Amino acid sequence: MSEQPQIRFEDGAAYETYMGLWSRKVGEQFLDWLKPATNLSWLDVGAGNGAFTALLAERVKPASILGVDPSPAQLDYARKRQDVGQARFEAGHAMELPAADASVDAAVMALVIAFVPDPAKGVAEMVRVVKPGGLVSAYMWDWPQGFPFYAVEQVIEGRGLPVVAPPSHEASRIQKMVELWHGAGLVGVESRAITVERTFPDFDKFWAIALTGPRMSAQAAGLSPEMLATLRADLKALLGAEDGKPLMLKATANAVKGRVPG
Ligand SMILES: C[S@@+](CC[C@H](N)C(=O)[O-])C[C@H]1O[C@@H](n2cnc3c(N)ncnc32)[C@H](O)[C@@H]1O
């Protein structure tokens, strides 16, 4: 049996343009909704290249931030960022967080929960490391329709090519997130959808960025120039894009928050 292709995050700079800018747009509204106190110690789980970490550093006046991620390439980019304040970054996994019990005030997963092999275990880990009364929160694209590059997935599927979904994509549904938060014993659980939009200078720019995504960059390498040209034409038609005209796309993420009892 052939192995299911995996989504790998191996280029922090490409990630910034491809997804970091989208994450930041959701993150702005997410933090407005979360309304965290200032001076908290934060654990940013799956911090990646630091896109959301930078927003935390700018917006919430944190006492400290520890970003954890398994990808060396993402961490390398995050550590070189100028906009993450005093944030520290460590290699680590959501299923076994490198933090002591009840050691931080807030833990967050920004666009991560669908990549965690066992989301319930990932949430339980956040609950373990957050102090009583502390915040546990997350946001994730509402897979598949909410994903910013959903149209790309549609044309790939339309040509009979494999679409690679995040391994735990069911955890991106709002009902599932709420279930996970209740299941982990969190209290005061609330959820909401967040829709954002991003305008690309034109279709060509959008296509170039789409090709740098973690799944497309791997997949495109195995496609003929003819198939790539077909996908490009399919996508342009699906989006109704016009040459040289700005292209606006929308995306929707689900967000959830709760507090550790006590
Ligand atoms: C879509 S990116 C989100 C990055 C960043 N939080 C943001 O908002 O842009 C998903 C990140 O989750 C990380 N990741 C994948 N599996 C993980 C796991 N089991 N535990 C923690 N992080 C994981 C990836 O390396 C990647 O950096």
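Our structure is the block above this text.
Here is a short report on the structure shown in this document. Remember, predicted model here, so these are calculated numbers, not experimental data. (Residues numbered from 1 in each chain as written. Predicted model: local features only at pLDDT ≥ 70, side-chain atom pairs only at ≥ 80, totals over all residues.)

**Examining the site of the ligand**
Selection criterion: Near, for a residue, is defined by distance from a backbone-placed C-beta atom to a molecule or strand, with 6 Å as the limit that must not be exceeded. Strands are runs of DSSP state E lasting at least two residues, helices are runs of H or I lasting at least four, and both sets are numbered from the N terminus onward. Nonpolar residues are Ala, Val, Leu, Ile, Met, Phe, Trp, Tyr, Cys and Pro. Charged residues are Asp, Glu, Lys and Arg, and all others, Gly as well, are polar.
Neighbouring the ligand are 22 residues, the closest being Ser23, Gly46, Gly48, Ala94 and Ala110. Those elements that provide at least two residues to the shell around the ligand are α1 (12-34) and α2 (51-59). If one sorts the elements of the shell around the ligand by residue count, α1 sits on top with three residues. Residues of the shell around the ligand, tallied by class, amount to 14 nonpolar, seven polar and one charged.

**Considering the nonpolar core**
This is how it is decided: Residues of type Ala, Val, Leu, Ile, Met, Phe, Trp, Tyr and Cys that are buried and joined through C-beta atoms within 7 Å form what is called a nonpolar core. To sort residues by exposure, count the other C-beta atoms lying within 10 Å of each residue's C-beta; 20 or more gives buried, 12 or fewer gives exposed, and values between give partly exposed, all with C-beta atoms placed from the backbone. Here the contact rule is simple: place C-beta atoms from the backbone, and any two residues whose C-beta atoms are within 7 Å are in contact.
Leu43, Val45, Ala107, Val112, Val130, Ala138 and Tyr139 are the most contacted members of the largest nonpolar core, which totals 80 residues. Not counting the four nearest positions on each side in its chain, alanine 138 is found in contact with Val108, Met109, Ile113, Met177, Ala255 and Val256.

**A few points about the pairing of strand β2 (residues 64-69)**
Put simply, the test is: DSSP-based pairing: two strands are paired if at least 2 bridges between them are found. Crossover handedness is defined here as right-handed if the route from the first strand over the helix to the second strand goes clockwise, with the strands pointing away from the viewer.
Along β2, five of the six residues are buried, which leaves the element largely enclosed by surrounding structure. Where strand β1 (residues 41-45) lies against β2, five bridges are found, and the strand directions are parallel. The residue bridging serine 41 from the neighbouring strand is serine 64, located in β2. When β2 meets strand β3 (residues 88-91), the two strands line up parallel, connected through four bridges. In the strand pairing of β3, glycine 67 is matched with phenylalanine 89. Handedness of the β2-helix α3 (residues 72-80)-β3 crossover: right-handed.

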